[in-house]
Amino acid sequence: MKVSLTLLMSVLVLAAFAMVGAEEPAPWFDLEKCAFCKQLGAEEGLIDHMHAEYHSISDGILWVMSVDGEYKAAFDRAQMAMQNVGMEIQKSGEMPYMCRHCASYGEFMMAGVIPECVASGVGQICMMTSSDPEMVKKLQAFGQTNAEEMAKFHASREKK
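These lines cover the structure that appears in this document, whether it is placed above or below. Fair warning: this is a prediction, and the values are worked out from it, not measured in the lab. (Residues numbered from 1 in each chain as written. Predicted model: local features only at pLDDT ≥ 70, side-chain atom pairs only at ≥ 80, totals over all residues. Heavy atoms only, no water.)

Moving on, we come to helix 4 (residues 100-110). For helix 4, the tally of buried residues reaches 8 of 11 residues, placing the bulk of the element in the interior. Residues of helix 4 that are buried include every one of His 101, Cys 102, Ala 103, Ser 104, Tyr 105, Gly 106, Phe 108 and Met 109, and no others. Gly 112, located one to two residues past helix 4, shows a positive phi value of around 95 degrees. (Buried < 20%, exposed > 50% of the residue type's maximum accessible area, 1.4 Å probe, protein only. Helix = DSSP H or I, 4+ residues; strand = E, 2+ residues; numbered from the N terminus.)

On to the nonpolar core, then. Phe 36, Leu 46, Met 50 and Met 128 are the most contacted members of the largest nonpolar core, which has 38 residues in total. Listing elements by their share of this core, those giving two or more residues are helix 2 (37-41), strand 1 (50-57), strand 2 (60-67), helix 3 (72-92), helix 4, strand 4 (123-129) and helix 5 (133-159). Top element by residues in this core is helix 3. It accounts for 6 residues. In contact with Leu 46, not counting residues within four places along its chain, are Leu 40, Val 67, Tyr 71, Ala 74, Phe 75 and Ala 78. (Core = buried A, V, L, I, M, F, W, Y, C linked by side-chain atoms within 4.5 Å. Contact = heavy atoms within 4.5 Å.)

Our next topic: the state of the cysteines. Scanning the model with the defined rule gives 1 disulfide in all. Between the sulfur of Cys 117 and that of Cys 126 lies a disulfide, 2.2 Å long from S to S. Because the sign of the S-S torsion sets the handedness, a value of about 115 degrees for the bond joining Cys 117 and Cys 126 places this disulfide among the right-handed ones. Each member of the pair, Cys 117 as well as Cys 126, is classed as buried. A disulfide-free cysteine, Cys 102 has its sulfur positioned 3.7 Å from the sulfur of Cys 99, the nearest such atom. Under the relative-accessibility criterion, Cys 102 is labelled buried at 7%. (Disulfide = S-S within 2.5 Å.)

Another point: the packing of aromatic side chains. Under the counting rule described, the total for this entry stands at 6 aromatic pairs. Judged by centre distance (6.5 Å) and plane angle (65 degrees), the rings of Phe 29 and Phe 153 are edge-to-face. Of the two residues, Phe 29 is situated in the loop between helix 1 (2-19) and helix 2 and Phe 153 in helix 5; the sequence distance between them amounts to 124 residues. Given the relative accessible area of 19%, Phe 153 is considered buried. Plain terms: the ring middles of Tyr 105 and Phe 142 are 6.5 Å apart, the flat faces sit at 50 degrees to each other, and that makes the pair tilted. Here Tyr 105, found in helix 4, pairs with Phe 142, found in helix 5; they are 37 residues apart in sequence, far enough to count as distant. Both residues of the pair, Tyr 105 and Phe 142, count as buried. Among the aromatic residues, those joined into a cluster by ring pairs are Trp 28, Tyr 54, Trp 63, Tyr 105, Phe 108 and Phe 142. (Phe/Tyr/Trp six-rings, centres within 6.5 Å; stacked < 30°, edge-to-face > 60°.)

If you trace the 4 strands from one edge of the open sheet to the other, you get 1-2-4-3, paired in antiparallel fashion. The open sheet has two free edges, formed respectively by strand 1 and strand 3 (116-120), since each of these has just one partner strand. Neighbouring strand axes in the sheet, compared pairwise and without regard to direction, differ in orientation by 15 degrees on average. Note: strand 2 against strand 4, 7 bridges, orientation antiparallel. Residue Leu 62 lies in a different strand from strand 4, and its bridge partner there is Met 127. Running at roughly 45 degrees to strand 4, helix 3 makes contact with strand 1, strand 2, strand 3 and strand 4 of the sheet. In the packing of helix 5 onto the sheet, the strands contacted are strand 1, strand 2 and strand 4, and the crossing angle to strand 1 comes to about 155 degrees. (Pairing = 2+ DSSP bridges. Axes fitted to C-alpha atoms, helices over the stretch in contact; angles between N-to-C directions.)

So, in structure tokens, the structure goes:
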């Protein structure tokens, strides 16, 4: 897990640099174009069976990503595919397109905020914390934006 976290951190740091100077802001989530998010979209039906909760805690944020039982294997495959994207970026040094969520996540890592994640029987539980009060505010705003954007995303899919 430590090797995977280090790899993902490196990739997301690079992603944050790639977003600097972009002409038009990327969407918050992009299942079609984002090198990481599209791995979730590639698993048929998965995104409609993932549920996220974001919570502010005293020194940052905690989030729980749960997956309906019959989609847990698809979730695990998507997670592995995202790790593979990260390894490919490390090998090639080429930065693919990233959504604003993934780029923002990378910016936190650049600032020294290290996510702690554990796999659970229902998905994944993660937290990002900091002892810097300004960073805590940014983390909590990130969690709030994720919650709002996830709600909009799922509402737009229900209309289709």
